[in-house]
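# Coordinate analysis (summary)
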Amino acid sequence: MAEPPPGYTIRHATQSDLPSVIRINRATLPENYHPSFFEDHLKKWGRAFYVAERDGEVVGYIMCRVEWGFGFKAKGLVKKGHVISIAVLPEHRRKGLGRALMLRAMDSLKREYGAEEVYLEVRVSNRPAIALYEKLGFEKTRVLHMYYLDGEDAYLMARKL
Ligand code: ACO
Ligand code: ZN
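Below, the structure is looked at part by part. Since the structure is predicted, the reported quantities are computational estimates derived from the model, not experimental observations. (Residues numbered from 1 in each chain as written. Chains lettered and ligands numbered in written order. Predicted model: local features only at pLDDT ≥ 70, side-chain atom pairs only at ≥ 80, totals over all residues. Heavy atoms only, no water.)

Attention shifts here to the pattern of salt bridges. Counted according to the given criterion, the structure contains twelve salt bridges. Between E67 and R65 there is a salt bridge whose closest N-O contact spans 3.3 Å. By relative accessible area, E67 is classed as buried at 18%. Shared partners join several salt bridges into a network, and the residues in it are E31, R123, D150 and E152. (Salt bridge = Lys/Arg side-chain N within 4 Å of Asp/Glu carboxyl O. Buried < 20%, exposed > 50% of the residue type's maximum accessible area, 1.4 Å probe, protein only.)

Further remarks concern the nonpolar core. Ranked by internal contacts, the top residues of the largest apolar core, which has 49 residues, are I62, M102, Y133 and F138. The element best represented in this core is helix α3 (residues 97-111), accounting for eight residues. Residues contacting F138, with those up to four places away along its chain left out, are M102, M106, V118, Y119, L120, Y133, M157, A158 and R159. (Core = buried A, V, L, I, M, F, W, Y, C linked by side-chain atoms within 4.5 Å. Helix = DSSP H or I, 4+ residues; strand = E, 2+ residues; numbered from the N terminus. Contact = heavy atoms within 4.5 Å.)

On the surface, W68, F70 and L77 cluster together to form a nonpolar patch covering roughly 450 Å² of accessible area. Of note, F70 is situated in strand β3 (residues 57-70). (Patch = residues over 30% accessible without salt bridge, like charges linked within 9 Å, V, L, I, M, F, W, Y side chains within 5 Å. Areas by Shrake-Rupley, 256 points an atom, 1.4 Å probe, with all protein chains shown as cover.)

Taken together, 24 residues surround ligand 1, and among them I86, V88, R94, R99 and N126 come closest. One of the backbone nitrogen or oxygen atoms of G98 is found 2.8 Å away from an oxygen atom of ligand 1. At 2.9 Å, a side-chain N or O of K135 approaches an oxygen atom of ligand 1. Coverage of ligand 1 by the protein chains reaches 79% of its 980 Å² of free accessible surface. Those elements giving two or more residues to the shell around ligand 1 turn out to be β4 (77-88), α3, β5 (117-123) and α4 (127-135). Split into classes, the residues belonging to the shell around ligand 1 amount to 14 nonpolar, four polar and six charged. (Near = heavy atom within 4 Å. Polar contact = N/O pair within 3.5 Å; in protein donor to acceptor, adjacent residues only side chain to side chain. Nonpolar A, V, L, I, M, F, W, Y, C, P; charged D, E, K, R; others polar.)

Next up on the list: the coordination of the zinc ion (ligand 2). Around the zinc ion (ligand 2), the protein contributes the donor atoms H82 (NE2) and E121 (OE), at 1.7 to 2.1 Å from the metal centre. Remark: E121 occurs in strand β5 and H82 occurs in strand β4; sequence separation between them is 39 residues. (Donors = N, O, S within 2.8 Å, 3.2 Å for Na, K, Ca; no water.)

Below, the discussion takes up the environment of G114. Following the sequence through the fold, G114 ends up in the loop between α3 and β5. Sequence separation between G114 and F37 is 77 residues; the distance between their C-alpha atoms is 23 Å. Ignoring anything within four residues of it in the chain, the contact list for G114 reads K79 and L109.

We now examine the side chain of R123. Here R123 lies in strand β5. Look at R123 and you get buried, because its relative accessible area is 12%. Look past the residues within four positions of R123 in its chain and what remains in contact with it is P30, E31, I130, Y148, D150, E152, D153 and A154.

What is shown is where atoms sit, not what they do.
What follows is the structure, given as structure tokens:
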């Protein structure tokens, strides 16, 4: 299920992957972060930070964090996995890497961090990503008005783990 497509591997990110991760983030998403933000996530929640690799080249990543808060799906105060950013380089899409990265990260969030649910924000216009998340059982739980700097709304999507 969480197996990557043939020719690809998925493994935990290391410090030396961060330049590639940052390059992919800048090339594929408008939401970019300072290098220290990536480093911080790797240090604190590295078990849920994965890269996808082909021929020794990083072609995708998923970065998460763990938070305490009221559940969107689970009841009361719970540990929640938060998918901060996922991206796959365009020429490597639609092969199952996004799905495999999500499944690996969700497994770690649950089993290594004890998260009871997972959530994320996604642009309302981002149909590929929304389709991926819905296929994985996420539901749109609310709209975050003007969430992005350019004024676009986000869906907050969540599912139980
Ligand atoms: N159109 C429709 N459905 C799609 C599309 C698409 N373009 N892409 C993925 N899906 C759905 C399909 O159901 C697909 O299954 P199928 O190929 O059998 O039909 C399923 O998702 C799984 O697709 P994957 O191949 O696993 O996904 P991929 O490796 O292409 O990565 C991703 C998806 C990460 C969203 C990629 O398109 C990407 O990097 N986009 C740019 C960055 C981005 O938008 N990231 C998400 C931002 S939100 C956040 O980070 C929390
Ligand atoms: Zn977020």
